[in-house]
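Observations on the model geometry
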Amino acid sequence: MRRMPGAVRFLACLLGLWLLAPFAAGLLRLGDADWSGVDRAALSRAAGVSVASAGIATLLIGLFGIPLGYVLARGRGWWTALLGGAVQLPLALPPLAGGVLLLFLLGYGGPLGALGLSEHFAGIVAAEMFVAAPFLIIAARSAFAAIDPALEDVAATLGHRPGAIFLRVSLPLAWRPILAGLVLAWLRAFGEFGATVMLAYHPYSLPVFTYVAFGEAGLPSMLPVLAPTLGLAVLVMAAGHWLTRPLARQAPTRTGLLPPLAESGAAEAPPRHLALALHRALPGFTLELRLESRARRIAVLGPSGSGKSMTLRAIAGLEGMAGMQVRLDGQDLSPLPPERRAVAYVPQGYGLPAHLTVARQVGFAVDCVPDRAAAWMAALGLEDLAGRYPDELSPGQRQRVALARALSRRRVDLVLLDEPFSALDAPLRARLRREVLAVLRGMNVLTVLVTHDPAEALAMAEDIVLLDGGRIIRAGPAAAVFARPGSDLAARLLGAEAIGDGVVLPDGRIDVGQGVALLVGHPDGEAADLPPPGTRVRWSARPHQIRPMDDGAYPARILWRGAVRDGQRPMRLLLGDAELEILADPSCMADGPCRVSIDPRCLQIWPAA
Ligand SMILES: Nc1ncnc2c1ncn2[C@@H]1O[C@H](COP(=O)(O)OP(=O)(O)OP(=O)(O)O)[C@@H](O)[C@H]1O
């Protein structure tokens, strides 16, 4: 167990002693107790009234208080704040004052006086509900507020309607604190005296009976009366403790190995047409994005906080509908809630409800295809983890569960992946990328992939969208965006490290200084697509694409050679006026003059700022 600071332990013990002291004092007076002078039949009747009234009050409090706690946790605006404050007021009132207020409402002449609740068992229940409800409502509100809204969002994208999400995600996750709140509410109702005595003095509840017995026989009669009270309270507390204990975890179950998910040569599905017009203004951030794409797979890259996840959430319908136009193949998805958009969504935080095992997470979509789910479980190496809960998984395993869940749906139009491979090791990431790509190729879906990895974007996407500050800074076919990123930021987002300056020459080459002119091509084999001659530009090439070789086209000078790592030697060389870090063959020549070759199709060119 973790060591606790001494001061904390001391303060805790002091309060504990103070709370136990009255019980100890009562025990010391056991010898004075008058066990024969108590009307046991009346005591039993009063105990029965209290147990029953507290039970009924707690049931009603749960029935209405759990929804109220949810509304208070998820609601926004002044009325939620007002309601949240109002439901706590019964705690602040002296119990007798609570009883007075209830008399205004339920007593003779009150608006609900005709119900005849005063001096009635139902009146006791009403009084107990009034004073005990805040305990459950506060517990439920805190429990619901602690649930990550992303879990409910993901359930919506898996086809679940709001009612089902409440029952299958929110309520199970909040259940233990709510149960503790119900126990507290029962105990408070069971011990309620002040409001009851004002509203319904008869029939006697246990607290009222205790008060009457004290008036008639004084302290000696109290221990026999308190004994059943304490006994019943301890019993209910023990039951509550047992019900809220951590549940035993299921043993892992194995599923059979299923056939592969996609043939590697599966025919490419036809292109889709996506049109986005997204606008969202938040304090300190505005998303303003217009995009048209006919690609099957789009990768979105951008610095942290540039609006990538928000874009994905907007497409899924999770960012509200106002200002968010999403059209797929001409169909306007904007009026559709998330559960009707047919999306397979893998959110950044994975969105795995803590109360579901891996197997149940993967099968959680309303239209989950069991065979597909099992096949993905196998492909993603999740079979042995089927019985585990999210808190028993590594981040990479959680990520795989989220991926399997999203891709096991029967009907999907949009696959939205928010950094789906980021938590995986390099070999697994490469394998999964290939497998997911093979499946996506064969599916008639449009995929939007958020990633920080340019290589992943290039490997998986046809179109690339670069975001900065909520706006698109460059978008288009992947090869074109890589070749002509348009700005330093865009080039860096695409992984450019070695960056030099140059000027476009009339013959289409780039003068990079020291008499060196680089030939420029285009990755598609098309025209080089350069700015007019005389334009100052920036240029870059991948470290491994600048290759020192004896018959290289350009003169250069090796400035520094590092130790060989992973079969490659890092080097710094001077090419024109640019000092570049490159990765070269280990056997590469010594420091000093050399020649290098660069494939013209690999050069990235963009106008200098
Ligand atoms: N409720 C909010 N109020 C104000 N700003 C918000 C709110 N939610 C998100 N933002 C801001 O919106 C911007 C975009 O967030 P988003 O999650 O889309 O970024 P991102 O590009 O996905 O970043 P990362 O790569 O770090 O995941 C961020 O700057 C964030 O601070």
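Model, not experiment: these values are computed from the prediction.

Definitions and limits used
The residue numbers shown here count from 1 along each chain, following its written sequence. Where local features are concerned, this predicted model is filtered to residues with pLDDT of at least 70; where side-chain atom pairs are given and counted, the filter is 80 or more; whole-chain, interface and lining totals use all residues. Side-chain metrics in this entry use all non-hydrogen atoms of the structure; hydrogen atoms and water are not considered. Criterion for a salt bridge: a side-chain nitrogen of Lys or Arg within 4 Å of a carboxyl oxygen of Asp or Glu. In this description a helix means any DSSP run of H or I spanning at least four residues, a strand means any run of E spanning at least two, and both kinds are numbered starting from the N terminus. Each residue gets one of three labels from its accessible area relative to the maximum for its type: buried under 20%, exposed over 50%, partly exposed in between, using a 1.4 Å probe on protein chains only. In summary, the pairing rule links any two rings of Phe, Tyr or Trp, Trp by its six-membered ring, whose centres are within 6.5 Å, and it sorts them by plane angle into stacked for under 30 degrees, edge-to-face for over 60 and tilted for everything else. Each domain span listed reflects an automatic or database assignment of domains. Both site types are read off a 1 Å grid over the protein atoms alone. A 1.4 Å probe that fits but cannot get out defines a cavity, while an open set with protein on both sides within 12 Å along at least five of seven lines defines a pocket; lining residues have an atom within 4 Å of a point. Grid points are joined across faces, edges and corners, and a volume is the space filled by probe spheres set on the points. Three categories are distinguished: nonpolar for Ala, Val, Leu, Ile, Met, Phe, Trp, Tyr, Cys and Pro, charged for Asp, Glu, Lys and Arg, and polar for the others, with Gly belonging to the last. Angles run from 0 to 180 degrees between N-to-C directions of axes, and those axes are lines fitted to C-alpha atoms, restricted for helices to the stretch in contact. Crossing handedness is defined as follows: a turn of the near helix away from the far one that is anticlockwise and smaller than a right angle gives a left-handed crossing, while the clockwise case is right-handed. We call two residues contacting when some pair of their heavy atoms lies within 4.5 Å. UniProt positions are given in the numbering used here, feature names are shortened, and annotations may be inferred rather than shown by experiment. For each residue, the test is whether any non-hydrogen atom lies within 4 Å of the molecule or strand; if one does, the residue is near. Each accessible area is a Shrake-Rupley estimate made with a 1.4 Å probe; only the visible protein chains count as cover when residues are assessed. How far a helix is expected to stretch is found by multiplying one less than its residue total by 1.5 Å. Pairs of N or O atoms within 3.5 Å make up the polar contacts considered here, provided that, within protein, one atom can donate a hydrogen while the other can accept it, and that residues adjacent in sequence are counted only when both atoms are side-chain atoms. Within a predicted model, pLDDT stands for the predictor's per-residue confidence, ranging from 0 to 100. Pairs of strands are assigned from DSSP output, requiring at least two bridges between the strands.

What follows covers the pattern of salt bridges. Within the structure shown, the criterion is met by 20 salt bridges. Among the salt bridges present, the one from arginine 280 reaches glutamate 319, with a minimum N-O distance of 3.0 Å. Pair noted here: arginine 280 is in strand β1 (residues 274-282) and glutamate 319 is in the loop between α12 (308-316) and β4 (324-328), with a separation of 39 residues, a long-range link. Judged by its relative accessible area of 12%, glutamate 319 falls in the buried class. Glutamate 579 serves as the salt-bridge partner of arginine 572, at 3.6 Å between the closest nitrogen and oxygen. Residue arginine 572 is classed as partly exposed on the basis of its relative accessible area, which comes to 28%. Among the charged side chains, a network of salt bridges with common partners joins Asp153, Arg280, Arg313 and Glu319.

Another aspect to go through is the packing of aromatic side chains. For the structure on display, the rule yields six aromatic pairs. The interplanar angle of 85° and the centroid separation of 5.8 Å between the aromatic rings of tyrosine 201 and tyrosine 204 together place this pair among those described as edge-to-face. Accessibility expressed as a relative area gives 26% for tyrosine 201, which makes it partly exposed. Put simply, the rings of Tyr70, Phe144 and Phe166 touch in pairs and so form one group of aromatic residues.

As a further point, take the domain arrangement of the chain. According to the domain assignment, the chain contains domain 1 (23-243), domain 2 (274-480) and domain 3 (496-607). Taking only C-alpha atoms into account, the centre of domain 1 sits 77 Å from that of domain 3.

On to empty space enclosed by the protein. The final tally for this structure, using the stated rule, is one cavity of 30 Å³ or more. As a volume, the largest cavity reaches approximately 60 Å³. Looking at the largest cavity, the residues that line it are Leu274, Leu276, Leu289, Leu291, Ile298, Val300, Thr311, Ile315, Val448, Val465 and Leu467. Elements that contribute at least two residues to the lining of the largest cavity include exactly β1, β2 (285-293), β3 (297-301), α12 and β9 (463-468). Residue classes in the lining of the largest cavity are distributed as ten nonpolar, one polar and no charged.

In this section: unusual backbone geometry. Of note, the bond from histidine 202 into proline 203 is cis; its omega dihedral lies within 30 degrees of zero at -10°. Along the polypeptide, proline 203 turns up in the loop between α9 (194-199) and α10 (206-217). Positioned with a positive phi, aspartate 329 is a non-glycine residue whose angle comes to about 50°. Tracing the chain through its elements places aspartate 329 in the loop between β4 and β5 (331-332). At alanine 342, a residue that is not glycine, the phi angle is positive and equals roughly 55°. Looking at alanine 342, the relative accessible area reads 5%, which means it is buried.

Further remarks concern the packing of helix α2 (residues 40-74) against helix α8 (residues 162-190). A packed helix pair is summarised by two numbers, namely the angle formed by the two axes and the spacing between the axes. Orientation of α2 relative to α8, taken along the N-to-C sense of each, is 145°, at an axis distance of 9 Å. Crossing geometry of α2 relative to α8 is assigned as right-handed. Residues Ser50, Val51, Ala54, Gly55, Thr58, Ile61, Gly62, Ile66 and Tyr70 of α2 form the contact with α8, whose participating residues are Phe166, Ser170, Leu171, Trp175, Ile178, Leu182, Ala185, Trp186, Ala189 and Phe190.

On to the UniProt feature "domain: ABC transmembrane type-1" (unreviewed entry) in the chain. UniProt's feature table lists "domain: ABC transmembrane type-1" (unreviewed entry) at residues 47-238, given in the numbering used throughout. Regarding residues 47-238, the helix share stands at 79% and the strand share at 0%, and the terminal C-alpha atoms are separated by 18 Å.

As a matter of local geometry, the ligand sits amid 13 residues, with Ser304, Gly305, Lys308, Ser309 and Met310 nearest to it. About the coverage of the ligand: the protein hides 60% of its 650 Å² of free accessible area. Ranked by the residues each element gives to the shell around the ligand, the list is headed by α12, at three residues. When the residues that make up the shell around the ligand are grouped by side-chain class, the tally is five nonpolar, seven polar and one charged.

Look at the UniProt record and you will see "transmembrane region" (unreviewed entry) annotated at residues 49-73, 85-108, 120-140 and 221-244. Taken end to end, residues 221-244 is 92% helix and 0% strand, and its first and last C-alpha atoms sit 36 Å apart.

Turning to the packing of α2 against helix α6 (residues 121-145), a few remarks are in order. With their axes 6 Å apart at the nearest point, α2 and α6 run at an angle of 35° to one another. Crossing geometry of α2 relative to α6 is assigned as right-handed. For the contact of α2 with α6, the residue count by class is 23 nonpolar, four polar and three charged.

Attention now moves to helix α16 (residues 426-442). Note that an α-helix has 3.6 residues per turn; residues three or four places apart therefore point the same way. The end-to-end C-alpha distance of α16 is 25 Å, a good match for the 24 Å that 17 residues give at a rise of 1.5 Å each. Buried within α16 are the following residues: Leu428, Leu432, Arg433, Val436, Leu437, Ala438, Val439 and Leu440. Those residues of α16 that are buried lie in contact with β3, α14 (370-379), α15 (395-407), β7 (414-418), β8 (446-450) and α17 (454-460). The N-capping residue of α16, defined by a side-chain oxygen 3.0 Å from the backbone nitrogen of leucine 428, is aspartate 425.

Okay, the confidence of the model for the chain next. When pLDDT is averaged along the chain, the result is 86, and 94% of the positions lie at 70 or above. Scored below 50 in pLDDT, residues 250-260 shows 18 contacts in the model against residues more than four places distant or in partner chains.

Our next topic: the sheet that holds strand β12 (residues 510-511). Across the sheet, which stays open at both edges, the five strands sit in the order β13-β12-β11-β14-β20 with antiparallel pairing between neighbours. The outermost strands of the open sheet, each flanked by one partner alone, are β13 (517-518) and β20 (604-607). Of the strand pairs in this sheet, strand β11 (residues 499-504) and β12 are connected by two bridges, and their pairing is antiparallel. If you follow valine 503 over to β12, its bridge partner there is aspartate 511.

You can see serine 53 is positioned in helix α2. Under the relative-accessibility criterion, serine 53 is labelled buried at 0%. Beyond its immediate chain neighbours, meaning those up to four positions away, serine 53 contacts Phe121, Ile124, Val125 and Glu128.

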